Amino acid sequence: MIDEYIDMPALQGQYKQRQAFVIKLLVLMLESHADVPAKLRQIVEAQDLSALAAEAHRLKGAMVMVHAMPLLLQIGEIESSAKSGDPDVFMAAEQYAVILEQFLECLQAYLGGQSPD
Amino acid sequence: MKRVFCIDDEPVSLLVLADLLTDEFDVTTAGSGEAAMVLLHDGLQPDIILLDIIMSGMSGYELCQKIKSDSALREIPVLYISSLASGEDEAYGLEMGAEDFIHKPFHPPVVKARIHTHLQLADARKQLQRRNEDLEALVVERTSAIVRKTEQLLAAQSAIISAFCALAETRDEETGNHIRRTQHYVRALAEALRDHPRFKTALDEPTIELYYRSAPLHDIGKVAIPDAILNKPGKLTAEEWEIMKTHAYHGYNAIAITERSLMEAGDNFLKFAREIAYSHHEKWDGSGYPQGLAGDAIPLSARLMAVADVYDALISRRAYKAPFTHETAMEILAEGVGKHFDPDIATAALRIGDRFREIAEQFAD
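Just so it is clear, the model here is predicted, and its values are computed rather than measured.

## Some words on the overall build of chain A
Logical step 1: Counting secondary structure elements, chain A contains 6 helices and 0 strands.
Logical step 2: Along chain A, helices (α) and strands (β) appear in the sequence α-α-α-α-α-α when read from the amino end.
Logical step 3: The burial tally for chain A puts 35% of its 117 residues in the buried class.

Dropping the structure here:
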């Protein structure tokens, strides 16, 4: 269920119940983040803390825009840990990649059932 | 409509910003710092820039620095819009030259309010700059006008002197190059004394220049003396001498009348000319004429002229005497130290005697 990931009432409220724009935003979220789980795994494999911090920061910016609060909190912690050089952060990032995939699948399912109007 | 340029490598953020602003502004977006620079160099002229900080490739800090170091772009306000939360991040961003920092998640009314504020500030800056440029242009124009007026005034002064001198020369057979020599002696003396403790406050460059320019009028009063006396080939009688002495007053009077009618033009040119014409026959010990002034009561301009005039009279041929040599003239000046002449001025003349001789040779009759 999309509500596990996104606070839909807050999202709808922010964009003044403009369903078409909310759908457009979520479609963009889906399309522009399709390759992010793979990117995260590459960073984990390379053990690149600064790349992880930058990618986490970018994801954080996206999650806040769509009110994906649980994902926002987790990626915020990953960004902080990567910046502080915590070696356990790579495991967390790998787990986040899985969660992100699940989120994107859920989002795709949600959008499949939505009409822009 | 003002143009807002939004730069963020996160497409979702760009979409949200564009949606927020598009009803009030012309919105252009770029997905990276590099793409933004290409657009800016291709002539995009935004009124304000909203800039993410953490971007893949060129960071927002780096892009801001490039914008602020480009003279064509630096006046564009830059507002960071970032989820970097620390005060250090914000301070560093502002050090790079940005105007403001908006934190994500942002509140749409706050973003709009900040944009409006910075657009107004930028407009005010531009107006101020235009006003400054207008004022600078006005100052240049007014200064040129003043320079032109000053040049006209100086030309008028020169014309007055030339006219007076031409008049004097037609009347006085002795005048000739005497006028040129004496004005050069006066300047040489003034320059020799400009660092002297008694004179250094009075003898600045403009004053010396005015002395030089007004000195030729010292004998202008002679135009009022009858030819029979002025050009008499022999010694004057006591009565004739009394008439001759009135040239100082006539000179003073002619210049004073001119001075009153030119009061508005008001520099010291005619004042010095009047002093010189009236007082150059005064003597340090009080035995001169027309007022019998003594010591520092005699205007400095006239004390300088007294030395110059006497030296030149001594080395010049007259109907009643042969010219003295330079050495003899200098000896006579030395005898007059503290009696006829201000001791410091006469001493200076003795010290620069060679310069006096050069001037005499340069403007020989």
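## So, the overall build of chain B
Logical step 1: Assigned secondary structure in chain B consists of 15 helices and 5 strands.
Logical step 2: A burial count over chain B gives 37% of its 365 residues as buried.
Logical step 3: Taking all contacts inside chain B whose residues are at least 6 apart in sequence as the whole, residues at least 24 apart take part in 63%.

## Comments concerning the pairing of strand S1 (residues 3-7) of chain B
All names here are of chain B.
Logical step 1: The buried count for S1 comes to 4 of 5 residues, which makes it a mostly enclosed element.
Logical step 2: In this structure, S1 lies alongside strand S2 (residues 26-30), joined through 5 bridges in parallel fashion. From the neighbouring strand, Phe5 faces S2, where its bridge partner is Thr28.
Logical step 3: Regarding topology, helix H1 (residues 11-21) serves as the crossover connection from S1 to the parallel S2, and that connection is right-handed.
Logical step 4: Relative to strand S3 (residues 48-51), S1 runs parallel, the two sharing 4 bridges. Note that in S3 the partner of Cys6 across the bridge is Leu50.

## Focus: helix H2 (residues 19-32) of chain A
Logical step 1: For H2(A), built from 14 residues, the straight-helix expectation of 20 Å at 1.5 Å per residue is met to within 8% by its first-to-last C-alpha distance of 20 Å.
Logical step 2: Considered for burial, the residues of H2(A) that qualify are Val22(A), Leu25(A), Leu26(A) and Met29(A). Looking straight down H2(A), one finds its buried side chains confined to an arc of 95°; they lie on one side. In H2(A), those exposed residues whose orientation departs by more than 90 degrees from the buried face are Ala20(A) and Glu31(A).
Logical step 3: Close packing links the buried residues of H2(A) with helix H1 (8-14), helix H4 (49-65) and helix H6 (89-112) of chain A together with H1 of chain B.

## A short note on unusual backbone geometry
Logical step 1: Here Tyr289(B) and Pro290(B) are connected by a cis peptide whose omega angle stands at 10°.
Logical step 2: The residue Pro290(B) is located in the loop between helix H11 (269-279) and helix H12 (300-315) in this model.
Logical step 3: With phi around 55°, Lys16(A) is a residue other than glycine that occupies positive phi space.
Logical step 4: Secondary-structure assignment places Lys16(A) in the loop between H1 and H2.
Logical step 5: According to the C-beta neighbour criterion, Lys16(A) is exposed, with 9 such atoms within 10 Å.
Logical step 6: Here the phi dihedral of His67(A) falls at roughly 60°; this positive angle occurs in a residue that is not glycine.
Logical step 7: On the secondary structure map, His67(A) appears in the loop between H4 and helix H5 (69-84).

## Observations concerning the interface of chain B and chain A
Logical step 1: Listed by partner, the interface residues are 13 residues for chain B and 14 residues for chain A.
Logical step 2: When its residues are assigned to classes, the side of chain B that touches chain A shows 6 nonpolar, 3 polar and 4 charged.

## Comments concerning the sheet that holds strand S5 (residues 100-103) of chain B
Residues and elements named next belong to chain B.
Logical step 1: An order of S2-S1-S3-S4-S5 is seen for the 5 strands of this open sheet, with the pairing classed as parallel. Lying at the two open borders of the sheet, with one neighbouring strand each, are S2 and S5. With strand direction ignored, the average angle separating the axes of adjacent strands in the sheet is 20°.

## Examining the nonpolar core
Logical step 1: Core analysis: the biggest nonpolar cluster contains 69 residues, and Met63(A), Val66(A), Val4(B), Ile49(B) and Leu51(B) have the highest contact counts within it.
Logical step 2: Excluding residues that lie within four positions of it along the chain, Ile49(B) makes contacts with Phe5(B), Ile7(B), Ile67(B), Ile76(B) and Val78(B).
Logical step 3: Within the second largest apolar cluster, 49 residues are counted, among which are Ile220(B), Ala254(B), Ala277(B) and Phe356(B).

## Overview of the packing of H4(A) against H5(A)
All names here are of chain A.
Logical step 1: Two numbers describe how H4 lies on H5: the axes approach to 8 Å, and their chain directions differ by 155°. Considering their axes alone, H4 and H5 lie roughly antiparallel with respect to each other. Every pair of crossing elements has a handedness; the one defined by H4 and H5 is left-handed. On the side of H4, the interface is formed by Leu49, Leu52, Ala53, Ala56, His57, Leu59, Lys60, Met63 and Val64, while H5 contributes Leu71, Leu72, Ile75, Gly76, Ile78, Glu79, Ala82 and Lys83.

Cut-offs used in this document
Residues numbered from 1 in each chain as written. Chains lettered and ligands numbered in written order. Predicted model: local features only at pLDDT ≥ 70, side-chain atom pairs only at ≥ 80, totals over all residues. Helix = DSSP H or I, 4+ residues; strand = E, 2+ residues; numbered from the N terminus. Buried ≥ 20, exposed ≤ 12 C-beta atoms within 10 Å, placed from the backbone. Contact = placed C-beta atoms within 7 Å. Pairing = 2+ DSSP bridges. Right-handed = clockwise from strand over helix to strand, strands pointing away. Expected span 1.5 Å × (residues − 1). Arc of directions from axis to C-beta. Nonpolar A, V, L, I, M, F, W, Y, C, P; charged D, E, K, R; others polar. Axes fitted to C-alpha atoms, helices over the stretch in contact; angles between N-to-C directions. Core = buried A, V, L, I, M, F, W, Y, C linked by C-beta atoms within 7 Å. Parallel < 35°, antiparallel > 145°, perpendicular 65-115°, else oblique. Left-handed = near helix turned anticlockwise from the far one by under 90°.

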